[in-house]
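Chain by chain, the residues:
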Amino acid sequence: MVSRVRVLYLAGSGRSGSTLVTTILGQLPGFVAAGEVRYLWRRGLVENRPCGCGRPLRSCPVWTAVLRDVPGSDPAGVAARLGGRLRIRRLPVLLRRHRRGQPSVPGHPDDARLARLYPAIARHVGAVPAPAEPSGPSAAGESEPARVPNPPPAGRVVVDSSKLPPYGALLGDLPGVDLYVLHLVRDPRATAFSWRRRRRLDGDLDDRLMSRPPVWKAALLWLVWNATTLRLWAGTGRYLRVRYEDFVADPAGTVARIAGFVGVDPGELPFPTPDTVRLAPTHSVAGNPARHRTGVVSVVADNEWVTALPRWAYAVVTALTWPLLRRFGYPIRRPAPPFTARPTRATTAGTSPAGGGSETGPRDHPATPLGGHRTSPDAHGQGG
Ligand SMILES: [Zn+2]
């Protein structure tokens with residue numbers, strides 16, 4: 001008999017701010033920021049990429065403790081089989097099975113390991129003590145002592161930002177997993193623009209770049225994965241939709257709402273000001289390099305796309321995604337240029353270091369951090 005664990009699954013498509021949301025939730029006592037757990041096997045165990053704490057994953061004492069509770073070997077095999085079972089071309093079958101009330105992803109012996117993994121994460125992956133004072137990313141490794149984790153308080157929620165809806169469906173069918181779905185949505189013109197940026201998989205020292213799909217492909221994937229998320233979970237009572245744009249406009253209010261959704265009292269929130277957050281390192285696996293940011297970080301809308309996305313690309317993405325644009329409350333027409341089109345090369349997923357402070361004071365991005373979104377008459381309301 002496995003113990004039941006609450007999993008908050010961030011579902012949707014890529015570049016929607018899930019790393020930021022996960023890292024922030026991981027600062028609250030009731031939550032564990034596990035990161036993109038579907039990549040634990042390949043990027044974590046096979047490739048030994050960095051944990052959120054900065055150590056190579058196989059050297060992280062916390063994940064070592066987790067994996068002691070999840071016996072078995074052959075992470076490459078688990079990764080390959082999981083990849084095969086979650087392929088996009090299996091989506092029609094998955095949705096048909098879901099309609100019929102069958103497990104959406106047919107079972108496999110590997111699922112026994114997954115079923116043990118999440119309770120083990122809840123048990124061992126705790127919050128890393130916050131640094132005494134705000135520190136830069138270079139201090140992240142040292143600020144986290146190699147302590148042996150204690151058993152967590154009961155009722156801890158594991159935040160999994162894997163996003164891929166079929167993986168979420170698979171989790172929901174695991175014994176012992178109590179699944180809550182946070183559907184994180186971002187304007188597809190912004191995500192298409194974000195995908196075109198060159199970005200290294202694990203920060204500056206990594207020689208591998210994240211994939212850069214063309215805008216039409218980014219738009220179609222946005223449409224497919226958001227529509228699938230709606231089909232699988234909307235209206236189930238275990239579904240909450242949050243727009244990235246609303247999150248960055250009111251991080252504290254949105255975090256409190258998410259905590260309420262999973263029945264957690266968030267306690268004191270880690271926001272020194274309405275648009276900054278204090279981040280301690282987490283032990284999140286995979287995810288974008290922004291997860292290594294620590295200290296006081298600005299939460300600002302990344303609106304470079306509003307002026308920088310070429311006209312043709314805007315038209316292509318809008319044409320391919322318009323049914324859901326309306327439903328999610330995004331404008332069809334290009335928003336007016338944001339009030340401060342400041343260069344955002346250094347920002348990732350909506351965060352930027354706030355250490356310097358002066359140029360990113362609250363008055364520089366006042367009540368209109370979303371640029372045109374919030375000022376457009378089309379943008380009001382969540383839709384659906
Ligand atoms: Zn770690």
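Rules and cut-offs
Residues numbered from 1 in each chain as written. Predicted model: local features only at pLDDT ≥ 70, side-chain atom pairs only at ≥ 80, totals over all residues. Helix = DSSP H or I, 4+ residues; strand = E, 2+ residues; numbered from the N terminus. Buried ≥ 20, exposed ≤ 12 C-beta atoms within 10 Å, placed from the backbone. Pairing = 2+ DSSP bridges. Axes fitted to C-alpha atoms, helices over the stretch in contact; angles between N-to-C directions. Contact = placed C-beta atoms within 7 Å. Core = buried A, V, L, I, M, F, W, Y, C linked by C-beta atoms within 7 Å. Parallel < 35°, antiparallel > 145°, perpendicular 65-115°, else oblique. Left-handed = near helix turned anticlockwise from the far one by under 90°. pLDDT = per-residue confidence, 0-100. Arc of directions from axis to C-beta. Nonpolar A, V, L, I, M, F, W, Y, C, P; charged D, E, K, R; others polar.

**A closer look at the overall build of the protein**
Helices and strands together make up the secondary structure of the protein, namely 14 helices and eight strands. By residue count, 49% of the 384 residues in the protein fall in the buried class.

**What about the sheet that holds strand β4 (residues 177-185)?**
Working definition: the strands of a sheet are paired by backbone hydrogen bonds and lie parallel or antiparallel to each other. With parallel pairing, five strands are arranged side by side in an open sheet as β2-β3-β1-β4-β5. Of all strands in the sheet, those bounded by a partner on one side alone are β2 (31-35) and β5 (239-243). Strand-to-strand twist in this sheet, taken as the mean axis angle between neighbours without regard to direction, amounts to 25°. Contacts between helix α6 (residues 111-124) and the sheet are confined to β1 (5-12), β2, β3 (157-163) and β4, with β1 contributing the most and set at about 105° to the helix.

**Remarks on the nonpolar core**
Ranked by internal contacts, the top residues of the largest apolar core, which has 82 residues, are V7, Y9, V32, I121, V158 and V159. A total of seven residues in this core trace back to one element, the largest contributor, which is β4. Counting residues in hydrophobic clusters, the runner-up holds 14 residues, among them A190, A313, V317 and L320.

**Describing the packing of helix α9 (residues 215-233) against helix α13 (residues 311-328)**
At a closest axis distance of 9 Å, the pairing of α9 and α13 adopts a crossing angle of 15°. Comparing their axes, α13 and α9 come out roughly parallel. Note that α9 runs across α13; the crossing there is right-handed. Mapping the contact onto sequence places V215, W216, A219, L220, W222, L223, N226 and A227 in α9 and A313, V316, V317, L320, T321 and L324 in α13.

**Some details on the environment of L221**
As for its placement among the helices and strands, L221 is situated in helix α9. Residues L221 and G12, spaced 209 residues apart in sequence, show a C-alpha to C-alpha distance of 9.6 Å.

**So, the confidence of the model for the protein**
Should the pLDDT be low somewhere, the predicted coordinates at that spot are not to be read in detail. Model confidence for the protein is summarised by a mean pLDDT of 81, while 76% of its residues fall at 70 or above. Model confidence for the protein, summarised as mean pLDDT per element, is weakest for helix α14 (residues 372-375) at 29 and strongest for β5 at 98. Every residue in residues 127-153 scores below 50 in pLDDT, and together they form 48 contacts with partners more than four places removed in sequence or on other chains. A low-confidence stretch, residues 340-384 stays under pLDDT 50, and its non-local contacts, those more than four residues away or across chains, total 97 contacts.

**Comments concerning helix α1 (residues 18-25)**
Extensive coverage of α1 is indicated by the burial of eight of its eight residues. Taken residue by residue, α1 has S18, T19, L20, V21, T22, T23, I24 and L25 as its buried positions.

**Observations concerning helix α4 (residues 75-85)**
For an α-helix, the turn length of 3.6 residues means that residues three or four places apart are oriented alike. The complete set of buried residues in α4 reads V78, A79 and L82. For α4, the arc enclosing every buried residue in end-on projection is 100°, short of the 170-degree limit, so these residues lie on one face. In this fold, the buried residues of α4 make contact with α2 (40-46) and α6.

**Observations concerning the environment of S298**
Among the structural elements, S298 can be located in strand β7 (residues 295-299). Put simply, S298 and F271 are 27 residues apart on the chain and 9.8 Å apart in space, counted from C-alpha to C-alpha.

**What about unusual backbone geometry?**
With a phi angle near 65°, D74 is a residue other than glycine that sits in the positive phi range. The residue D74 is located in the loop between α3 (61-68) and α4 in this model. At K163, a residue that is not glycine, the phi angle is positive and equals roughly 70°. In this structure, K163 sits in strand β3.

**Brief notes about the packing of α3 against α6**
Closest axis-to-axis distance for the α3/α6 pair is 9 Å, and the angle between their directions is 140°. It follows from the interaxial angle that α3 and α6 lie oblique. Note that α3 runs across α6; the crossing there is right-handed. Judged by residue contacts, V62, A65 and V66 of α3 engage A120, I121 and H124 from α6. Tallied by class, the residues present in the contact of α3 with α6 amount to five nonpolar, one polar and no charged.

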